[in-house]
Amino acid sequence: QVQLVESGGGLVQPGGSLRLSCVASGRIYSLGARDWFRQAPGKQRELVATSASGDSTDYADSVKGRFTVSRDNAKNTVYLQMNSLIPEDTAVYYCHAQVLTVDHLWRDFWGQGTQVTVSS
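Summarised in this report is the structure supplied together with it. Since the model is a prediction, treat every value here as computed from it, not as a measurement.

As a further point, take the overall build of the protein. From N to C terminus, the protein includes 0 helices and 11 strands. Secondary structure of the protein in N-to-C order comes out as β-β-β-β-β-β-β-β-β-β-β. A compact globule built from 120 residues would reach a C-alpha radius of gyration of about 14 Å, and the protein, at 14 Å, matches this within 12%. Oriented by its inertia axes, the alpha-carbon framework of the protein measures out at about 45 × 25 × 25 Å.

We now examine the sheet that holds strand 1 (residues 2-7). In spatial order, the strands read 1-3-8-7; together these 4 strands make up an open sheet with antiparallel pairing. Pairing within the sheet leaves two strands with one partner each, and these edge strands are strand 1 and strand 7 (67-72). Averaged over all pairs of adjacent strands, the angle between their axes in this sheet comes to 15°, without regard to strand direction. In this structure, strand 7 lies alongside strand 8 (residues 77-82), joined through 6 bridges in antiparallel fashion. Across the sheet, residue Thr 68 finds its bridge partner in strand 8, namely Gln 81.

Right, let's get into the pattern of salt bridges. Counting across every chain of the model gives 5 salt bridges. Here the salt bridges do not stand alone but share partners, grouping Arg 38, Glu 46, Arg 66 and Asp 89 into one network.

About the criteria used
- Residues numbered from 1 in each chain as written.
- Predicted model: local features only at pLDDT ≥ 70, side-chain atom pairs only at ≥ 80, totals over all residues.
- Heavy atoms only, no water.
- Helix = DSSP H or I, 4+ residues; strand = E, 2+ residues; numbered from the N terminus.
- Rg over C-alpha atoms; globule rule 2.2 N^0.38 Å.
- Pairing = 2+ DSSP bridges.
- Axes fitted to C-alpha atoms, helices over the stretch in contact; angles between N-to-C directions.
- Salt bridge = Lys/Arg side-chain N within 4 Å of Asp/Glu carboxyl O.

Everything listed here is a matter of geometry and, on its own, says nothing about what the molecule does.
The structure is reproduced here in structure tokens:
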């Protein structure tokens with residue numbers, strides 16, 4: 001199958017930065033959109049940033065100007081650079097990918113999540 005593995009979460013002070021990574025591996029023929037979602041305690045999961053299979057990107061209003069999504073297709077990796085972090089960014093961050101598998105079926109896959117905590 002396909003696995004998505006996130007890394008880079010942790011504890012950071014307000015105003016600090018973190019860089020999340022998500023590596024896709026397994027029975028991948030091609031990758032489509034790569035997204036980052038987050039879910040804070042007691043809240044619904046929300047879309048944070050999207051990197052389409054081309055060069056287009058999109059962001060939630062709450063993170064525009066602070067977060068940057070990028071991808072390295074040669075490494076099947078998507079990144080989320082998070083700057084000027086605020087306590088409201090505290091959440092579990094999940095990587096999502098649209099994957100064209102070797103069976104030539106488009107499927108959605110999720111990572112296991114990585115905790116980001118912004119606190120002094």
